[in-house]
Amino acid sequence: MKLLKVLIVLALLFPFNLHAEVLLNQCNESDIKGSFNLIIYSNSFINDPETFIILDRGDQIKIIPYAPNFKYRVIENLNEKEALKITNEILKDNSFVSFIKCSEISFKGKNAGYELKPIYFPWVFGLLEPVETVYKKEGDSILIFIRLNPNVERQLYFGGDTERDN
């Protein structure tokens, strides 16, 4: 019985499909070349901390947010210059955003696209990166699971840090 419990814990801690991992590698905007489908996630209000952008190469591997259609929109067939112009217009706000973090999304060594997230000044939300993303390969797609950091969510939607306020 004890061995069974240990095996269950190990199964939960270690994914079964280690060979099918989607990797994020740091990059620079100058690395971005080609044609993309631009995915704008959230952008519901000014300085929405859930807002980030995906540049999908539009090849055989499609990048899709695991979210309802109203949470994101797609602009198809943009070159890197147009895509980066829109990205900077949406994400770069000098009063809140320190810089834009670029991460290459790759699967089995092949570049599938880029993730671009605003990195906020620490005094804005209490942390630099309020939105958390996890990527998972499923069929011919890479799904993006998105979550707003619970502390930031509490600040925005429940009037502050409930642990501090009690």
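Basis of the calculations
Residues numbered from 1 in each chain as written. Predicted model: local features only at pLDDT ≥ 70, side-chain atom pairs only at ≥ 80, totals over all residues. Heavy atoms only, no water. Salt bridge = Lys/Arg side-chain N within 4 Å of Asp/Glu carboxyl O. Helix = DSSP H or I, 4+ residues; strand = E, 2+ residues; numbered from the N terminus. Contact = heavy atoms within 4.5 Å. Polar contact = N/O pair within 3.5 Å; in protein donor to acceptor, adjacent residues only side chain to side chain. Core = buried A, V, L, I, M, F, W, Y, C linked by side-chain atoms within 4.5 Å. Buried < 20%, exposed > 50% of the residue type's maximum accessible area, 1.4 Å probe, protein only. Disulfide = S-S within 2.5 Å. Pairing = 2+ DSSP bridges. Phe/Tyr/Trp six-rings, centres within 6.5 Å; stacked < 30°, edge-to-face > 60°. Lys NZ or Arg CZ within 6 Å of the ring centre and 35° of its normal.

Examining the pattern of salt bridges
Alright, step 1. Inspection of the entire model under this criterion finds eight salt bridges.
Alright, step 2. For the salt bridge of Glu129 with Lys101, the shortest nitrogen-to-oxygen distance reads 3.1 Å. One end of the pair, Glu129, is in the loop between α3 (122–125) and β8 (131–138); the other, Lys101, is in strand β6 (residues 97–107), and 28 residues separate them in sequence.
Alright, step 3. A salt bridge links Lys117 to Glu129; the shortest N-O distance between them is 2.9 Å. Residue Lys117 is found in strand β7 (residues 110–120), and its partner Glu129 is found in the loop between α3 and β8; the two are separated by 12 residues along the sequence.

Focus on the environment of Asn37
Alright, step 1. Among the structural elements, Asn37 can be located in strand β2 (residues 35–41).
Alright, step 2. In this structure the C-alpha to C-alpha distance between Asn37 and Ala83, which are 46 residues apart in sequence, comes to 8.4 Å.
Alright, step 3. Setting aside its immediate chain neighbours within four residues, Asn37 contacts Ile54, Leu55, Asp56, Gly58, Val74, Ile75, Glu76 and Asn77.
Alright, step 4. Engagement of the side chain of Asn37 in a polar contact is seen with the backbone nitrogen of Asn77, the distance being 3.1 Å.

What about the nonpolar core?
A general tendency of soluble globular proteins is for nonpolar side chains to be buried together.
Alright, step 1. One finds Phe52, Ile54, Ile63, Ile105, Tyr135, Ile142 and Ile144 to be the most contacted residues of the largest nonpolar core, which totals 16 residues.
Alright, step 2. Secondary structure elements with two or more residues in this core: β2, β3 (52–56), β6, β8 and β9 (141–148).
Alright, step 3. Examining the composition of this core, we find that three residues originate from one element, β9, more than from any other.
Alright, step 4. In this structure, Cys27, Leu55, Leu91 and Cys102 belong to the second largest nonpolar core, which totals 15 residues.

A word on the state of the cysteines
Disulfides are covalent bonds that link the sulfur atoms of two cysteine residues.
Alright, step 1. Taken as a whole and judged by the stated rule, the model has one disulfide.
Alright, step 2. Note that Cys27 is cross-linked by a disulfide to Cys102, the S-S spacing being 2.0 Å. As the torsion about the S-S bond is roughly -75°, the Cys27-Cys102 disulfide counts as left-handed. In this pair, Cys27 sits in strand β1 (residues 22–27) while Cys102 sits in strand β6, placing the two residues 75 residues apart along the sequence.
Alright, step 3. Judged by its relative accessible area of 4%, Cys102 falls in the buried class.

Some words on the pairing of β3
When a strand is regular, its side chains alternate between the sheet's two faces.
Alright, step 1. Most of β3 sits out of view: five of its five residues are buried.
Alright, step 2. Going residue by residue along β3, you find Phe52, Ile54 and Asp56 tucked away on one face and Ile53 and Leu55 tucked away on the opposite face as well.
Alright, step 3. By the bridge criterion, five bridges tie β2 to β3 in an arrangement that is antiparallel. Looking at β3, one finds that Ile39 is bridged to Ile54.
Alright, step 4. In this structure, β3 lies alongside β7, joined through four bridges in antiparallel fashion. Within β7, the position partnered with Leu55 by the bridge is Tyr114.

Comments concerning the packing of aromatic side chains
Alright, step 1. Here the structure, examined in full by the defined rule, presents five aromatic pairs.
Alright, step 2. Ring geometry for Tyr120 versus Phe125: centroids 5.0 Å apart, planes at 80°, classification edge-to-face. Side by side, Tyr120 and Phe125 carry an identical accessibility label, which is buried.
Alright, step 3. In this structure, Lys137 is placed above the aromatic ring of Phe107, and the distance from its NZ or CZ to the ring centre is 5.2 Å.

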